[in-house]
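# Report on the structure
Residue-level listing of the chains:
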Amino acid sequence: MQKFFNIEKTSEGKARAGELTTDHGKIQTPIFMPVGTVASVKTVHQRELKEDIKAQIILGNTYHLYLRPGMETMQEAGGLHKFMNWDLPILTDSGGFQVFSLASSRKMSEEGARFKSHIDGSYHMFSPEKSMEIQRQIGADIFMAFDECVAYPCEYNQAKTSMELTHRWLKRCIEWTENNPELYGYKQRLFPIVQGSTFSDLRKISAEVIAEAGAEGNAIGGLSVGEPEEEMYRITDEVTDILPKEKPRYLMGVGTPWNILESIGLGIDMMDCVMPTRNARNAMLFTWKGVMNMKNEKWKKDFSPLDEFGTSYVDREYSKAYVRHLFVSKEYLAKQIASVHNLAFYLDLVKVAREHILAGDFYEWKNSVVPVLRQRL
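Here the structure is a predicted model, which means the values were calculated and not measured.

Scanning the protein chain for helices and strands turns up 15 helices and 17 strands. Taking 2.2 N^0.38 as the reference for a compact globule, 377 residues should give roughly 21 Å; the C-alpha atoms of the protein chain span a radius of gyration of 20 Å, in line with that estimate. Considering only C-alpha atoms, the protein chain reaches an extent of 60 × 50 × 45 Å along its principal axes. Burial statistics for the protein chain: of 377 residues in total, 57% are counted as buried. A separation of at least 24 residues holds for 69% of the contacts in the protein chain among residues at least 6 apart in sequence. Only carbon and sulfur atoms are counted for the fraction: they give 50% of the accessible area of the protein chain, which is about 15,900 Å². The centroid of the 46 positive side-chain charges in the protein chain is displaced by 4 Å from the centroid of its 50 negative side-chain charges.

Written out as structure tokens, the structure is:
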């Protein structure tokens, strides 16, 4: 049987280029994963994701899909791949983060989280077992353990209690999945999640517990929730020192283009974030030259291509002036164009990062491009 994760090259620091092999195809790492919360990457067609953006894996969201369309529909469709007509890999989160951030009047207990739907106010219960069951029904290639994510900032004791609960829940997740096989005839892999807020000693304990669980890949959660960038990098650096080198490391919910490059430099292989699509819908475009606000007056008569260094068709086919006009006129097409552009840029970013890891000059390259990526145009 083929190995799930193969490291092709490690740079002079922690950055590495590798390949993940799933039953729905291979993924070249480091990789960015577009977020398709409710079985759709907002405003973007699956065909565009595959052909123009060159996405290799996308995310689905357990909490949202459980509420709509519901698991009866999902199972009758034959799982998420068939439901949304996407034949490449998918990763699902556990629903934990959404229960803690979206749902109102949630009640936490050892058993799990009881919460009120943000859609119709109905009550539901997510336990580790329930999250695993839903994720079996969704059928993603990689699925996440049910964890509790604390807000930032938070008290030390709260972070500690929450982390310990996450560890106890992990045992239940593993036990349930071992006793309940896949539903659709292809392999699913469970990733546990390191928690511990911004406290180094807690993160160290959590990373050790997660490493000992012996999963095929591991994730770092509870970052990119409002803490300063330096804190995020510090914790990521400390945790990647502990997590097994031979297994993929997934940093959840990150981030800006510069966050992505810095994280790759700290040994991260996988990242996801709503930022490219959310910011696109608000007229913010990321490019190799810096960040553009497409509502700015300065683009009003700029008839040059949207992005001369862009890799997608929208970059060549539409001008800056036209895209600005669409945003100012509140046209839906503006959001579509900007979303395709940003996602294609993010995928190009990790592709070029990978090329520099393989070439052996990643850090030099990263340090030269990060200041440029950050500038406002």
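Let us keep going from here.
Our next topic: the UniProt feature "binding site: substrate" (unreviewed entry) in the protein chain. When the UniProt feature table is mapped onto this chain numbering, "binding site: substrate" (unreviewed entry) sits at D93, S94, G95, G96, F97, D147, Q195 and G222. Taking the relative accessible area as the measure of exposure, S94 reaches 3% and is therefore buried. Discounting chain neighbours no more than four positions away, the residues touching S94 are T62, F126, S131, Q135, M144, A145, F146 and D147. Only 3.1 Å separates the side chain of S94 from the backbone nitrogen of G96, close enough to count as a polar contact. Here G222 lies in the loop between β13 (218–220) and α9 (229–242). Relative accessible area serves as the criterion here: at 15%, G222 is assigned to the buried category. Residues contacting G222, with those up to four places away along its chain left out, are C149, Q195 and R203.

Mapped onto this numbering, the UniProt entry annotates "active site" (unreviewed entry) at D93 and D272. Annotated residues spanning 180 residues; largest pairwise C-alpha distance 10.6 Å, indicating a single compact cluster. Considering the arrangement of structural elements, one finds D93 in strand β6 (residues 90–93). Among all residues touching D93, those that are not within four sequence positions of it are G60, N61, T62, Q98, Q135 and M144.

The next point concerns helix α10 (residues 257–265). Across the 9 residues of α10, 8 count as buried, placing the element largely inside the fold. Taken together, the buried positions of α10 are occupied by P257, W258, N259, I260, L261, S263, I264 and G265. Positive backbone phi, at 95 degrees, marks G267, one or two positions downstream of α10.

According to the domain assignment, the protein chain contains domain 1 (5–273) and domain 2 (281–374). Between the C-alpha centres of domain 1 and domain 2 there is a distance of 27 Å. When the two sides are added together, the surface that domain 1 and domain 2 hide from each other amounts to roughly 2,900 Å², 70% of it contributed by carbon and sulfur. Taken together, domain 1 and domain 2 are joined by 3 salt bridges. Ionic pairing is found between R374 and E229, a salt bridge with its closest N-O pair at 3.3 Å. Here domain 1 is connected to domain 2 by 12 residue pairs in polar contact (both at pLDDT 80 or more).

Attention now goes to the side chain of E19. Here E19 is to be found in strand β2 (residues 16–22). The buried charged residue E19 lacks any salt bridge partner; its closest oppositely charged side chain belongs to K26, at an N-O distance of 4.1 Å. If sequence neighbours within four positions are ignored, E19 has contacts with F4, F5, N6, E8, K26, I27, Q28 and T29.

It is worth spelling out unusual backbone geometry at this point. Residue P153 is reached from Y152 by a cis peptide bond, and omega for that bond is -5 degrees. Secondary-structure assignment places P153 in the loop between β10 (142–144) and α7 (156–179).

Three or four residues apart is the spacing at which side chains of an α-helix point the same way, because the helix has 3.6 residues per turn. In a regular helix each residue adds 1.5 Å, so 13 residues correspond to 18 Å; helix α15 (residues 362–374) covers 18 Å between its end C-alpha atoms and thus fits that length. In the structure, α15 departs most strongly from a straight axis at S368, where the bend amounts to approximately 25 degrees and where the proline P371 lies between one and four residues downstream. Turning to α15, its buried residues are F362, Y363, W365, K366, V369, V370 and L373. Looking at the buried residues of α15, the elements they touch are α10, β16 (284–287), β17 (290–293) and α14 (332–359).

Cut-offs used in this document
Residues numbered from 1 in each chain as written. Predicted model: local features only at pLDDT ≥ 70, side-chain atom pairs only at ≥ 80, totals over all residues. Heavy atoms only, no water. Helix = DSSP H or I, 4+ residues; strand = E, 2+ residues; numbered from the N terminus. Rg over C-alpha atoms; globule rule 2.2 N^0.38 Å. Buried < 20%, exposed > 50% of the residue type's maximum accessible area, 1.4 Å probe, protein only. Contact = heavy atoms within 4.5 Å. Areas by Shrake-Rupley, 256 points an atom, 1.4 Å probe, with all protein chains shown as cover. Lys, Arg positive; Asp, Glu negative; His and termini not counted. Charge placed at Lys NZ, Arg CZ, Asp CG, Glu CD. UniProt positions renumbered as here; feature names shortened; annotations may be inferred. Polar contact = N/O pair within 3.5 Å; in protein donor to acceptor, adjacent residues only side chain to side chain. Domains from an automatic or database assignment. Buried area = accessible area lost by both parts, 1.4 Å probe. Salt bridge = Lys/Arg side-chain N within 4 Å of Asp/Glu carboxyl O. Expected span 1.5 Å × (residues − 1). Bend = angle between axes of the 7 residues up to and from the residue.

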